[in-house]
Amino acid sequence: MARIFVSYSRADRAFIDQLIPLIRRIYGNTSVWFDDEIHGGANWWQMILDEIAKCDLFIYLISNESLESPYCQAELREALRLNKQILPVIVRRLKPEYPGNITDDLASILSKTQFVDMSSGFKNERNNVKLWGAITRLLEAARTVDSAPATFTPTPEPPVPDKKNSNSGINATMYIAGIAFVVVLIVIGMLVLSSNSGGEGDTPQILADVTDTATPREQEPTIVQAATEADTPSPTTTNTSEPTITPIPTITQTPDVVAAAQQVIEQQTAQAIIDSSTATAERATLDYNLQLTEAANLTATATLWTATPTPNITASVEAVLTNWAAETATQQALDMTATATLWTATPTPTNTATATLTPTPTPDATATLIAF
């Protein structure tokens, strides 16, 4: 559940009494916290620090009193220390203008932060749209923003101000309201007296200065006809009419704030869905283009490839043996041809008996003996 912390001045109690129920109706009963929930005996400043730490959005209701309040300034400093989402909401006109009368360091930060002007109240439908749209957008942003603290030292408790100064704004407002009420009563009394003391005449009297509390009143004009008999045959007619005209006050229709806020949320949700769908479509288009490019590259590469058939081992062995046998037979034939070419015809010999006389010498005994 989203948590919203509201920082405000007691002088702006009338505004927060309207704001809190609307936030709870739109975002849930436990979606908002403000210091009205601090009970007696509690460590109020520690509770405020804990609630700021748990919140997703810090709403700062800005008025002259809240800008000068040390409590509101300390709460804003703690939200800034924790890097919370900040939404300044102007609830009354400022003197001087935004960021108003606040310390220089906080004025520098507020001047860079977009605010929502609700000084005209919740009757301005356009401002309502801005307010609820800003709240919804910042709550969504809080989910993705790192809220790590800038420092590890919590903001110290502010000093307690003088109660007379804290109630000065309320007293001034009540004083002005009392004077305005007395003036309205005087005007109404004068109008009543004027309507009762109206004289005769041909000119109608018109009651002006109607306030919003006046009740529309209509009077039928009174017509008196006086006929006098005389020597003249025609009667004399006197028409006296004194209509009292009271303008009907204009009824201003208060816009349905909750319906407007819900409409803004629905519009933003629809826009978020459209943006997400657009992003998904863009990614799908990019992926499709990448796939087309990859397919084109593969096609170009495949064109350069040479088809390589799957080898058949048996057929390959048989082909090798056949080729080897053919080559062997061919080689044998060539060798035999070469050998036959080198052969020479040899005739078969015929044996013929031939008588050969060999002389046998007579041995010489003397020589033989000598030889011995």
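Residues numbered from 1 in each chain as written. Predicted model: local features only at pLDDT ≥ 70, side-chain atom pairs only at ≥ 80, totals over all residues. Heavy atoms only, no water.

Here's the deal with the overall build of the protein
- A tally of helices and strands in the protein yields 11 helices and 5 strands.
- For the protein, long-range pairs separated by at least 24 residues make up 75% of all intrachain contacts whose partners lie at least 6 apart in sequence.
- With an accessible surface of roughly 26700 Å², the protein has 58% of that area assigned to carbon and sulfur atoms. (Helix = DSSP H or I, 4+ residues; strand = E, 2+ residues; numbered from the N terminus. Contact = heavy atoms within 4.5 Å. Areas by Shrake-Rupley, 256 points an atom, 1.4 Å probe, with all protein chains shown as cover.)

Brief notes about unusual backbone geometry
- Here the bond from Lys95 into Pro96 is cis, since omega is -5 degrees, no more than 30 degrees from zero.
- Locating Pro96 in the fold gives a position in the loop between β4 (85–90) and α5 (104–111).
- Here the bond from Tyr98 into Pro99 is cis, since omega is 10 degrees, no more than 30 degrees from zero.
- In this structure, Pro99 sits in the loop between β4 and α5.
- One non-glycine residue, Asn83, adopts positive backbone phi at about 60 degrees.

A word on the pairing of β4
- Burial analysis of β4 places 6 of its 6 residues in the buried class, which makes it a mostly covered element.
- The alternating pattern of β4 places Gln85, Leu87 and Val89 and Ile86, Pro88 and Ile90 on opposite faces, both of which are buried.
- Looking at chain direction, strand β3 (residues 57–62) and β4 are connected through 6 bridges and run parallel. Bridging from a neighbouring strand, Leu61 pairs with Val89 of β4.
- The sheet contact formed by β4 and strand β5 (residues 116–117) spans 2 bridges and is parallel. In the strand pairing of β5, Ile90 is matched with Asp117.
- A crossover connection joins β4 to the parallel β5 through α5; in handedness this β-α-β unit is right-handed. (Buried < 20%, exposed > 50% of the residue type's maximum accessible area, 1.4 Å probe, protein only. Pairing = 2+ DSSP bridges. Right-handed = clockwise from strand over helix to strand, strands pointing away.)

Quick notes on the sheet that holds β5
- Ordered by their spatial adjacency, 5 strands build an open sheet running β2-β1-β3-β4-β5, and the pairing between neighbours is parallel. This sheet does not close on itself; its edge strands, each paired only once, are β2 (32–33) and β5.
- Helix α6 (residues 125–142) contacts β1 (4–7), β3, β4 and β5 of the sheet and is inclined by roughly 170 degrees relative to β4. (Axes fitted to C-alpha atoms, helices over the stretch in contact; angles between N-to-C directions.)

Considering the confidence of the model for the protein
- This prediction gives the protein a mean pLDDT of 74; 59% of its residues lie at or above 70.
- Predicted confidence is poor over residues 199–241, with pLDDT under 50, and the contacts of this stretch with residues over four places away or in other chains come to 54 contacts. (pLDDT = per-residue confidence, 0-100.)

Some details on a nonpolar patch on the surface
- Taken together, the side chains of Phe181, Val182, Leu185, Ile186 and Met190 make up a nonpolar region of the molecular surface, amounting to roughly 520 Å² of accessible area.
- On the secondary structure map, Phe181 appears in helix α8 (residues 168–196).
- Using a relative accessible area of 53% as the deciding quantity, one classes Phe181 as exposed. (Patch = residues over 30% accessible without salt bridge, like charges linked within 9 Å, V, L, I, M, F, W, Y side chains within 5 Å. Salt bridge = Lys/Arg side-chain N within 4 Å of Asp/Glu carboxyl O.)

Considerations on the nonpolar core
- Counting residues in hydrophobic clusters, the biggest one holds 31 residues, and the most contacted among them are Ile4, Ile59, Leu61, Leu87, Leu131, Trp132 and Ile135.
- Of the residues forming this core, the biggest block, 8 residues, is contributed by helix α1 (residues 13–27).
- Among the nonpolar cores identified, the runner-up in size contains 24 residues, and Phe5, Ala74, Tyr98 and Ala107 belong to it. (Core = buried A, V, L, I, M, F, W, Y, C linked by side-chain atoms within 4.5 Å.)

Quick notes on the pattern of salt bridges
- In this structure the tally under the stated criterion is 9 salt bridges.
- The closest approach of N and O atoms between Asp35 and Arg10, which form a salt bridge, is 3.3 Å. On the criterion of sequence distance, the pair formed by Asp35 in the loop between β2 and α2 (44–54) and Arg10 in the loop between β1 and α1 is long-range, its members being 25 residues apart.
- Classification of Arg10 as partly exposed rests on a relative accessible area of 45%.
- With a shortest N-O distance of 3.3 Å, Lys54 and Glu51 are connected by a salt bridge. Here Glu51 and Lys54 lie together in helix α2, a separation of 3 residues that amounts to about one turn.
- Connected through shared salt-bridge partners, Arg3, Glu51 and Lys54 make up one network.

Concerning the packing of aromatic side chains
- Following the criterion strictly, the structure yields 9 aromatic pairs and no others.
- Plain terms: the ring middles of Phe5 and Trp33 are 5.3 Å apart, the flat faces sit at 25 degrees to each other, and that makes the pair stacked. Residue Phe5 is found in strand β1, and its partner Trp33 is found in strand β2; the two are separated by 28 residues along the sequence. For the residue pair Phe5 and Trp33, the accessibility class agrees, reading buried in each case.
- Note on Trp44 and Tyr71: the rings are 5.5 Å apart at their centroids and 80 degrees apart in plane angle, and the pair reads as edge-to-face. With Trp44 in helix α2 and Tyr71 in helix α4 (residues 70–81), the pair connects residues that are 27 residues apart, well separated along the chain. (Phe/Tyr/Trp six-rings, centres within 6.5 Å; stacked < 30°, edge-to-face > 60°.)

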